[in-house]
Amino acid sequence: MKKTTPLQYIMIYSALLLAVAWSIYPILRVITISIRPGNNLLTQSLAIIPADWSFENYIKLFSDHPFGTWIWNSILVTVTVVITGVTLASTAGYALSRFRFPGREASLLSLLVTQMFPATMLLLPLFIMLSSLHLINTYLGLIVIYSSTALPFCVWQMKGYYDTIPYSLEEAARIDGASRFMAFYKIILPLASPALVITALFSFMSAWTEYIVAAQVLWYKEMFTLPIGLKSFQANMTTEWGLYAAGAMIVSIPAIALFLFLTKYLIGGLTLGSVKG
Amino acid sequence: MIRGIILYKISPFLRSRILLTLLLFLFLMLGSALSAEKTTLHLWHPMPAPSRAVLTELVAEYEKLNPDISVHLLYKENEEVRMAYMSATGFTEGGPDLLYGPSDFTGALVEMGIIKPLENLFTEAELADFDPKGLTWYQGHLYQIGDELGNHLALVYNKRLFAEVGLDRPPETLQELIEFGKKLTLDKNGDGIIDQYGLVWNFTEPFFFMPFYASYGGWVMDADQNPTLNNEAAVKAFKFVTDMRDVHGIIPIECDYDIADSKFNTGTAAMLINGAWSWAKYMESPDVDFGLAVLPINAETGLYPAPMVATKGYYLNPYLEGDRQDKVVALMKFLTGPEAQFKYASRLATIPTRLEVRNRPEIANDPIIRTSMEQVSHGKAMPISPQMRAIWDAMRPAYQNVLGGSMTPEAGAAYQQELAEQKVAELFEGQDVDPDAVNITAIIVYLAGLLLVIWALYKLFIAFLLPLIRGIPGVQVKESRFGVLMVAPAALFIFGVVVYPFFYNLIISFSNMGLTTVNDWQIIGLAQYGKVLTDSQFYHFFLKTIIWTVVNVVLHVVFGVMLALLLNRPLPGKGLIRVLLILPWAVPSYITALTWRGMFNIDYGAVNIILRNLFGMEPISWLIDPTNAFIATIITNVWLGIPFMMIIALGGLQSIPQELYEAASIDGATAWQQFKKITLPLLKPVMVPAITLGIVWTFNNINVVWLVSNGGQPGDQTHILVSFVYRAAFNLYRYGYAAAFSFMIFLMLAIFSVKFMQKNKVTETAY
């Protein structure tokens, strides 16, 4: 590669800094609102840290609301969804990458098709279905729905990653006497760990941030997950914006942290496969 | 490779850990599903935080008195509690035992048949003490027992700010309101920006416009529930409100509920029109010296503005029986009893529905309750028939168009009448189908459905079961079994969840299911599809959806690839920059979309302030003008979508061998030539699947549009297809129409994506 001249460096950095400002400013706004005392939504000041900042809202979350319980519930649901998602996506993606069975192409296409259902088509029947299966007020119903929403994308991207792993590796293992499953489990799966990490991340995001289905399924405040708990600060006319913003930050922090640690896996690990090939 | 081996080495330990945690979770999940021995009664309500606190205390008291009962409260927002109750009780015969809400729920709930008449569950003596306005009757039955007369708007004012300009009383006429308003609208530091407004309120909502309409002699419907919106009163009232803003300048150009509330609460607005639910908050505010007055009389007509008054109270689930019903009714009696009402009134200055409580000295002598009562006496009862919802949906766009300047008051009045008549008709559509006639269409639809199912099962058999039994041609049976078994769990999971909703939606789309036919709907064939395809709105929003999708995806890809190109080189601090650029993806979009909405505010939004400080630009009315509002939603979604494309592009760039560029350099290719001949062609196979997904996700992205435009504002114009169907169809309970509409969206998207993939050869090797 040609050497980058100092002038080019200056231009690249200023472009990137502009992009960074644009990308983080709205998030900084949320922080600002969360540390502003009371409910003062309006100010013409652009300062990120208001003069009279305090952690009042964060303290209130835990003292006046069962916020700790909600966090625990969310962790419970999310971890289960992540485990289910990773298990199912890693196996299905593998089969779709390595086997040429008649339903393969149709399966890959229908994975994409499931992403096309408008929300208005699914909401009511999903509720009726969960209700007739007696899954209202259980986490099982939520877990099944969350796992299956994230799955199509995860399978697709696992398949894409397996496609980049040469077939010869398994063949070598088979010659050494490993069974088909052992070859997958011991050789291919560890190699696919960047993609597994991304599948986990996607499953995490779909479970950690969802509230529409959760609001239909859970009736007990003690059973709430974080996002519906957060929703309860939002009222038709009297939203408690300070609390809402503080709660929003608490919902966001684990997600941000995960992205922070996993960026290096995301790049290169996120490879969407093609339908054929 | 090295990382993979390390992971592999520690994995046995990790595996046992994961297994253990999984077992623990399953155990916990079962535990939480077990119910206690007590009878648990469910009550859903939309009470804001202050009344919620009183309700919680009352319930605790009741549980103490009745140790065998436990009452579970669930709060949801007004609209959400109604929708949730309708799906739970209307579609599955479940739902809570009690529903609390304003009386305007009544009509729709009765039409759906999901609340129980109460006249036989209460004795005459028990009802004797109630103000007749506190008991909601509809079509000859008693459906709701109120504990409060509320939701009426009145004038709240800040005595301190009044005193500062030498005023010692609230205005007595609307004309004086304007005069006072001018005195109280101040630019304190002389920088040309108004620091204190005379009057603020949520004036873009029709509910908050009603009092003025009534003060010119207008009302929403006649005795037969027909809309009456096109008249002199509507024109004059429209003019009155727009004049306050444009001629007299006493109200801000842009003001929704939160802005009005916040301005008044922080002492930067002198008067506020707001409802009974909100006053308690201002009494406690350190910046407000609280004063309450009735909305002043209109001197031009001699009429008082008449806010709508709703009874708030309890509805009973119709599927209750026997002992449980007795328990629920007992709870209902307690919650509407004198002590409960006294508690609400003394703490929150609400108006009790029981006359005895109203006459107790603590209540009768409370100055706020007295003013509130006086305001109620000027008010009119909120209509409880379902037509009211259609009228709101018609008034909102017309009124907002007038406010935005795209319609004259006269045109707005005519438009809202026309729209209201159309929407009322839509509300009751599908009733003319004879349920007893032999339904040939139904037979055809079900037969076609059956054939579809058989075909699908056959395909599944060929695809999955046959290889399982006989093996894939050319592969050992054992091997093919392994392959199929690896896919099966995920496939079962996905299709198990999707199949039922898909067929349900398909069947409903051929039916006349609507407000009055939720439980006895009929298959009527393709009529709903006909309605969708002949509606000009469908094509209008289809076009908008295309623009929305194309602009978004193009900008996502262009900016994403640009950033990736900048980052794809050795650069100090690269890791940090990369992480910061990904952040919009990491924060849940419903949080950031709301933040963006705040940032687009005309006076207080960061966007306008930054534009003014940097470029000296005049403030842009992002959320009032329909075109600007649409641009605002696009800006928000572009912000959200860039990181995904950037990451994909970075991955793609890293897989391009460096030698190619070196070889090209030696051959003397310019940077641009290298980009065109090497980067783009090699990036394309990586980007195309991501773009396909991006298109599919963007096309149906209801969340961002809905949150940034606050449900389609202004005037229900900021919509894409999926948000429009949610607004126009579900809001008026047109389930059949909504299903057909949704299915059309799905079909268009499916056909488009398949074509797109074929054209771009996604179906060929990516690597």
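Residues numbered from 1 in each chain as written. Chains lettered and ligands numbered in written order. Predicted model: local features only at pLDDT ≥ 70, side-chain atom pairs only at ≥ 80, totals over all residues.

Student: Please give an account of the overall build of chain A that cites residues and values.
Tutor: From N to C terminus, chain A includes 12 helices and zero strands. Reading the helices (α) and strands (β) of chain A from amino to carboxyl end gives α-α-α-α-α-α-α-α-α-α-α-α. The principal-axis extents of the C-alpha atoms in chain A amount to approximately 70 × 65 × 35 Å. Among the 277 residues that make up chain A, the fraction classed as buried is 51%. When contacts within chain A are restricted to residue pairs at least 6 apart in sequence, long-range pairs at least 24 apart make up 76% of them. (Helix = DSSP H or I, 4+ residues; strand = E, 2+ residues; numbered from the N terminus. Buried ≥ 20, exposed ≤ 12 C-beta atoms within 10 Å, placed from the backbone. Contact = placed C-beta atoms within 7 Å.)

Student: Explain the overall build of chain B to me, and be specific about the residues and the numbers.
Tutor: Per the secondary structure count, chain B includes 31 helices and 11 strands. Considering only C-alpha atoms, chain B reaches an extent of 90 × 70 × 55 Å along its principal axes. Considering chain B as a whole, with its 767 residues, one finds that 47% of them fall into the buried category. Sequence-distant contacts in chain B: of pairs separated by 6 or more residues, those separated by 24 or more amount to 72%.

Student: Any details on the environment of B:Glu339? Residues and values, ideally.
Tutor: Relative to the elements of secondary structure, B:Glu339 occurs in helix α13 (residues 338-348). Separated by 18 residues in the primary sequence, B:Glu339 and B:Val357 have C-alpha atoms spaced 8.2 Å apart.

Student: For the interface of chain B and chain A, give the residues involved together with the corresponding values.
Tutor: Each partner contributes to the interface: chain B provides 113 residues, whereas chain A provides 109 residues. Looking at the side of chain B that touches chain A element by element, the count peaks at 18 residues for helix α20 (residues 477-509) of chain B.

Student: Tell me about the packing of α20(B) against helix α31 (residues 735-759) of chain B, residues and numbers included.
Tutor: Working note: a packed helix pair is described by the angle between its axes plus the distance between those axes. All names here are of chain B. Packing of α20 against α31 leaves a shortest axis separation of 7 Å and a crossing angle of 120 degrees. With respect to α31, the element α20 is oriented oblique. The handedness of the crossing between α20 and α31 comes out as left-handed. Here Asn505, Leu506, Ile508 and Ser509 of α20 lie close against α31, whose contacting residues are Tyr735, Gly736, Ala739, Ala740, Ser742 and Phe743. A per-class count over the contact of α20 with α31 returns six nonpolar, four polar and no charged. (Axes fitted to C-alpha atoms, helices over the stretch in contact; angles between N-to-C directions. Parallel < 35°, antiparallel > 145°, perpendicular 65-115°, else oblique. Left-handed = near helix turned anticlockwise from the far one by under 90°. Nonpolar A, V, L, I, M, F, W, Y, C, P; charged D, E, K, R; others polar.)

Student: Could you give an account of the sheet that holds strand β8 (residues 269-275) of chain B, naming the residues involved and the relevant values?
Tutor: Residue and element names in this part refer to chain B. Judged by pairing direction, the sheet is mixed, and its four strands sit side by side in the order β7-β8-β6-β9 without closing on themselves. The sheet terminates laterally at β7 (197-200) and β9 (290-293), the two strands that pair on one side only. When the angles between neighbouring strand axes are averaged without regard to direction, this sheet yields 20 degrees. Pairing of β7 with β8, which is carried by three bridges, proceeds in the parallel orientation. (Pairing = 2+ DSSP bridges.)

Student: I'd like a description of the nonpolar core, backed by residues and values.
Tutor: If you look at the biggest cluster of nonpolar residues, it comprises 296 residues, and the most contacted ones within it are A:Ala92, A:Val155, B:Val200 and B:Ala649. Once you skip the residues sitting within four places of it in the chain, A:Val155 turns out to touch A:Ala89, A:Ala92, A:Gly93, A:Leu96, A:Leu111 and B:Ala490. (Core = buried A, V, L, I, M, F, W, Y, C linked by C-beta atoms within 7 Å.)

Student: Describe the domain arrangement of chain A, with residues and values.
Tutor: All names here are of chain A. On domain assignment, one finds that chain A holds domain 1 (1-54) and domain 2 (65-269). The centre of domain 1, based on its C-alpha atoms, is set 31 Å off from the matching centre of domain 2. At the junction of the two partners, domain 1 supplies eight residues and domain 2 supplies seven residues. When its residues are assigned to classes, the side of domain 1 that touches domain 2 shows four nonpolar, three polar and one charged. (Domains from an automatic or database assignment.)

Student: Give me unusual backbone geometry: which residues, what numbers.
Tutor: Residues and elements named next belong to chain B. Cis geometry is found at the peptide bond from Gln713 to Pro714, where omega equals -5 degrees. By secondary structure assignment, the location of Pro714 is in the loop between α29 (702-708) and α30 (721-730). In this structure, Ala349 takes a positive phi of about 55 degrees despite not being glycine. Take Ala349: it is sitting in the loop between α13 and α14 (355-359). Phi is positive for Tyr733, which is not a glycine, with a value near 60 degrees. Positionally, Tyr733 belongs in the loop between α30 and α31. On the basis of neighbour count, Tyr733 is assigned to the buried category, with 25 C-beta atoms found within 10 Å.

Student: How would you summarise the environment of A:Leu189 if you had to cite specific residues and measurements?
Tutor: All names here are of chain A. Along the chain, Leu189 falls in helix α8 (residues 180-191). With 20 C-beta atoms packed within 10 Å, Leu189 lands in the buried category. Remark: the alpha-carbon pair of Leu189 and Tyr220, spanning 31 residues in sequence, is separated by 40 Å.

Student: So what about the confidence of the model for chain A? Which residues, and what values?
Tutor: Caution is warranted with low-pLDDT regions, since their predicted coordinates should not be read in detail. For chain A, the average pLDDT comes to 85, and 92% of its residues sit at 70 or higher. Averaged pLDDT values over the elements of chain A bottom out at 82 in helix α4 (residues 104-114) of chain A and peak at 93 in helix α3 (residues 67-98) of chain A. (pLDDT = per-residue confidence, 0-100.)

Student: Got a sec to walk through the pairing of strand β3 (residues 98-102) of chain B? Specific residues and values, please.
Tutor: Note on strand geometry: in a regular strand, side chains alternate between the two faces of the sheet. Residue and element names in this part refer to chain B. Across the five residues of β3, five count as buried, placing the element largely inside the fold. Of the pairings in the sheet, the one linking strand β1 (residues 39-45) to β3 comprises two bridges and is parallel in character. The residue of β3 that forms the bridge with Trp44 is Leu99. Note that β3 and strand β10 (residues 308-316) share five bridges and pair antiparallel. Within the sheet, the bridge partner assigned to Gly101 lies in β10 and is Gly313.

Student: Explain the domain arrangement of chain B residue by residue, including any values.
Tutor: Taken domain by domain, chain B holds domain 1 (1-34), domain 2 (40-149 + 311-374), domain 3 (153-306 + 386-427), domain 4 (440-494) and domain 5 (530-759). Placing the centre of domain 4 of chain B and that of domain 5 of chain B at their C-alpha centroids yields a distance of 36 Å.

Student: Talk me through the packing of helix α6 (residues 139-163) of chain A against helix α9 (residues 193-208) of chain A; I want residue IDs and the actual numbers.
Tutor: Residues and elements named next belong to chain A. Interhelical geometry of α6 versus α9 gives an angle of 160 degrees and a closest axis separation of 9 Å. Of the possible angle classes, the one that applies to α6 and α9 is roughly antiparallel. Considering the relative orientation of α6 and α9, their crossing is right-handed. Counting all contacts with α6, which are made through Tyr146, Thr149, Ala150, Phe153, Cys154, Gln157, Met158 and Tyr161, the residues of α9 involved are Ala195, Ile198, Thr199, Phe202, Ser203, Ser206 and Ala207.

Student: Break down the confidence of the model for chain B for me, citing the residues and quoting the values.
Tutor: Residue and element names in this part refer to chain B. Scored by pLDDT, chain B has a mean of 88; 93% of the residues are at 70 or more. Here residues 1-15 scores under 50 on pLDDT; set against residues more than four positions off or in separate chains, the count is nine contacts. The model gives residues 31-36 a pLDDT under 50, and that stretch makes three contacts with residues more than four places away or in other chains. Per the prediction output, this complex has pTM 0.86; the corresponding ipTM is 0.90.

Student: Give a description of helix α18 (residues 409-427) of chain B that names residues and reports values.
Tutor: Given 3.6 residues per helical turn, the α-helix brings residues three or four places apart onto the same face. All names here are of chain B. For α18, built from 19 residues, the straight-helix expectation of 27 Å at 1.5 Å per residue is met to within 8% by its first-to-last C-alpha distance of 26 Å. Along α18, the positions that sit buried rather than exposed are Gly412, Ala413, Tyr415, Gln416, Gln417, Leu419, Ala420, Lys423, Val424, Glu426 and Leu427. Those residues of α18 hidden inside the fold are in contact with α9 (232-246) and α17 (387-404). (Expected span 1.5 Å × (residues − 1).)

Student: Give a detailed account of the environment of A:Val82, specifying residues and quantitative values.
Tutor: All names here are of chain A. Within the secondary structure layout, Val82 lies in helix α3. Separated by 121 residues in sequence, Val82 and Ser203 have C-alpha atoms that sit 5.2 Å apart. Other than its neighbours up to four places away in sequence, Val82 contacts Ala200, Ser203 and Phe204.

Student: Tell me about α9(B), and name the residues and values.
Tutor: All names here are of chain B. Taking 1.5 Å of rise per residue, the 15 residues of α9 would be expected to cover 21 Å, and the 21 Å separating its terminal C-alpha atoms lies within 8% of that figure. Along α9, the residues classified as buried are Ala233, Ala234, Val235, Lys236, Ala237, Phe238, Val241 and Met244. Taken together, the buried residues of α9 touch α7 (174-184), α8 (210-215), α17 and α18.

Student: Requested: an account of the pairing of β8(B), with residues and values cited.
Tutor: All names here are of chain B. Burial of β8 is extensive: seven of the seven residues sit out of reach of the surface. Across five bridges, strand β6 (residues 153-158) lies against β8 in antiparallel orientation. Along β8, the bridge assignment pairs Tyr157 with Met271.

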